[in-house]
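# Residue-level structure breakdown
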Amino acid sequence: MRLAAIELMDAGCGDTEIARRLRVTRKSVFEWRRAYRGGGREAMASIGAAGRQPYLTTEQIAQLTAVLDEGPAAHGYDDDQRWTLARIRDLIAELFGVRYKHLSTVPRLLHRAGYSWQAPTRRAAERDEQAIAAWREQTWPEIKGRPRS
């Protein structure tokens, strides 16, 4: 967008015209013009995405991927062979010294690493279909019918 603004500036367009064509504010165009006059095209280069930098580098995410691929048993979780978000958060803290406060950050990190959420291929052996059906017929209508407070 900045490069298009440069082309329009060089063509003699005013700030208002450039703002209208590029659908940005006049203030943005004014700032771009000032930067362009002061430093040329180099000053118009993007400085990168806004916001906080990720806590883990690309190399650390690659390390995490390798560790996760070893499986939970390799890291002391013998009772259950699944990675949970809490376990992964603890593993990140152990490996890299980075402690995420909220579990909601971990899925985004995993998505960045190329992982996706997976549903189990089969139902739990302990599942009681009769108890579930009874709950749906008796308890659920009572809960559903109550007004919210």
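This report concerns the structure included in the present document. (Residues numbered from 1 in each chain as written. Predicted model: local features only at pLDDT ≥ 70, side-chain atom pairs only at ≥ 80, totals over all residues. Heavy atoms only, no water.)

### Describing a nonpolar patch on the surface
Together, Trp135, Trp140 and Ile143 give the surface a local cluster of nonpolar side chains, amounting to about 300 Å² of exposed area. Tracing the backbone shows tryptophan 140 in helix H7 (residues 129-145). Assessed through its relative accessible area of 39%, tryptophan 140 is described here as partly exposed. (Patch = residues over 30% accessible without salt bridge, like charges linked within 9 Å, V, L, I, M, F, W, Y side chains within 5 Å. Areas by Shrake-Rupley, 256 points an atom, 1.4 Å probe, with all protein chains shown as cover. Salt bridge = Lys/Arg side-chain N within 4 Å of Asp/Glu carboxyl O. Helix = DSSP H or I, 4+ residues; strand = E, 2+ residues; numbered from the N terminus. Buried < 20%, exposed > 50% of the residue type's maximum accessible area, 1.4 Å probe, protein only.)

### A word on helix H3 (residues 26-39)
Compared with the 20 Å implied by 1.5 Å per residue over 14 residues, the 20 Å span of H3 between its first and last C-alpha is a close match. Looking only at H3, the buried set comprises Val29, Trp32 and Arg33. One side of H3 holds all its buried residues, which, seen down the axis, span an arc of 100°. Along H3, the residues that are exposed and aim more than 90 degrees away from the buried face are Lys27, Arg34 and Gly38. Positive phi appears at glycine 40, one or two residues downstream of H3, with a value of about 75°. (Expected span 1.5 Å × (residues − 1). Arc of directions from axis to C-beta.)

### Concerning the pattern of salt bridges
Side chains that differ in charge, positive against negative, can pair when their charged atoms come close. Counted by the stated rule, this structure contains eight salt bridges. Across the pair aspartate 79 and arginine 87 runs a salt bridge, and its minimum N-O distance is 3.7 Å. Across the salt bridge formed by arginine 99 and aspartate 90, the nearest N and O atoms sit 2.8 Å from each other. A residue is classified by how much of its surface remains accessible, and aspartate 90, at 31% relative accessible area, is partly exposed.

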